Amino acid sequence: AYNPGIKSRTSAYRKALVLYGASEGPRMFRHLMDLSRVCVVFEDCESLRRGLEDVLADFPVLDIRNYYHSSCNNVLGIKGIEVLVALKGEDDGVPFPFVCEIRLEELCYFRARNLAQPHLDKIYEGFRVAYEDSGKDLDGIEYIAKYALHRPGDPHGLRLFR
């Protein structure tokens, strides 16, 4: 298992502001479901499937995002499964209820994602540099660049409609 730790205040603020700030104002943070997260890395897809079954059996599941499915394909080709679970409080060993993101990932994709990260960081920095004299929020620009690369593409039917 890999624990990236809780999402930093800066990252949480940036995400909430860019995605929900315009419509929600000060209540924009209530939509963030990935403040607490963990990544469990598996040797192969069969062990990942067994791990998913264990998560489904042991936790109340709020949402599942299957990045193996074609509807979730993105520009970066990220593969894995994200499961949002509710940890209810004292029974789970935490002082209050909250949502935790559990990412299930095969070792080959985990390694590839980590190898690509320095190159992605250069791309994000390039966006910051390109907009530094614009007076725009550079953190917001960087988040939009990340969002565009990570979000699933439009469905085929919508692309045809355009």
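Not measured: the values here are computed from a predicted model.

## A closer look at helix α4 (residues 138–150)
The end-to-end C-alpha distance of α4, which contains 13 residues, comes to 18 Å, matching closely the 18 Å that a straight helix rising 1.5 Å per residue would cover. By the burial criterion, the buried members of α4 are Gly140, Ile141, Glu142, Tyr143, Ala145 and Leu149. Tucked inside the fold, the buried residues of α4 contact α1 (9–24) and α3 (107–131). Where α4 begins, one side-chain oxygen reaches toward the backbone nitrogen of Asp139, 3.1 Å away; that side chain belongs to Asp137.

## A short note on the packing of α3 against α4
Describing two packed helices takes the angle between their axes plus the distance from one axis to the other. The contact between α3 and α4 brings their axes to 9 Å, and the two run at 135°. Overall, the two elements α3 and α4 adopt an arrangement that is oblique. Handedness of the α3/α4 crossing: right-handed. Contact residues: α3 offers Leu120, Tyr124, Phe127, Arg128 and Tyr131, while α4 offers Leu138, Asp139, Ile141, Glu142, Ala145, Lys146, Leu149 and His150.

## Observations concerning the nonpolar core
The biggest cluster of nonpolar side chains holds 11 residues, and these are Phe42, Leu48, Leu52, Val55, Ile81, Val83, Val85, Leu87, Cys100, Ile102 and Leu104. Residues within four places of Ile81 in sequence aside, it is in contact with Leu48, Leu52, Ile64, Arg65, Asn66, Tyr68, Ile102, Arg103 and Leu104.

## Re the packing of aromatic side chains
The description of an aromatic ring pair rests on the distance of the ring centres and on the angle between the ring planes. Tallied over the full model, the rule gives three aromatic pairs. Both rings, one in Tyr143 and one in Tyr147, keep their centres 6.3 Å apart while their planes meet at 25°; by these two values the pair is stacked. Linking Tyr143 with Tyr147, this pair stays in helix α4, spanning four residues, or about one helical turn.

## Some words on the environment of Leu56
In this fold, Leu56 is placed in helix α2 (residues 45–58). For Leu56, a relative accessible area of 39% puts it in the partly exposed group. Note: C-alpha distance between Leu56 and Pro118 (62 residues apart in sequence) is 33 Å. Apart from the residues within four sequence positions on either side, Leu56 is in contact with Val61 and Ile64.

Calculation notes
- Residues numbered from 1 in each chain as written.
- Predicted model: local features only at pLDDT ≥ 70, side-chain atom pairs only at ≥ 80, totals over all residues.
- Heavy atoms only, no water.
- Helix = DSSP H or I, 4+ residues; strand = E, 2+ residues; numbered from the N terminus.
- Expected span 1.5 Å × (residues − 1).
- Buried < 20%, exposed > 50% of the residue type's maximum accessible area, 1.4 Å probe, protein only.
- Contact = heavy atoms within 4.5 Å.
- Polar contact = N/O pair within 3.5 Å; in protein donor to acceptor, adjacent residues only side chain to side chain.
- Axes fitted to C-alpha atoms, helices over the stretch in contact; angles between N-to-C directions.
- Parallel < 35°, antiparallel > 145°, perpendicular 65-115°, else oblique.
- Left-handed = near helix turned anticlockwise from the far one by under 90°.
- Core = buried A, V, L, I, M, F, W, Y, C linked by side-chain atoms within 4.5 Å.
- Phe/Tyr/Trp six-rings, centres within 6.5 Å; stacked < 30°, edge-to-face > 60°.

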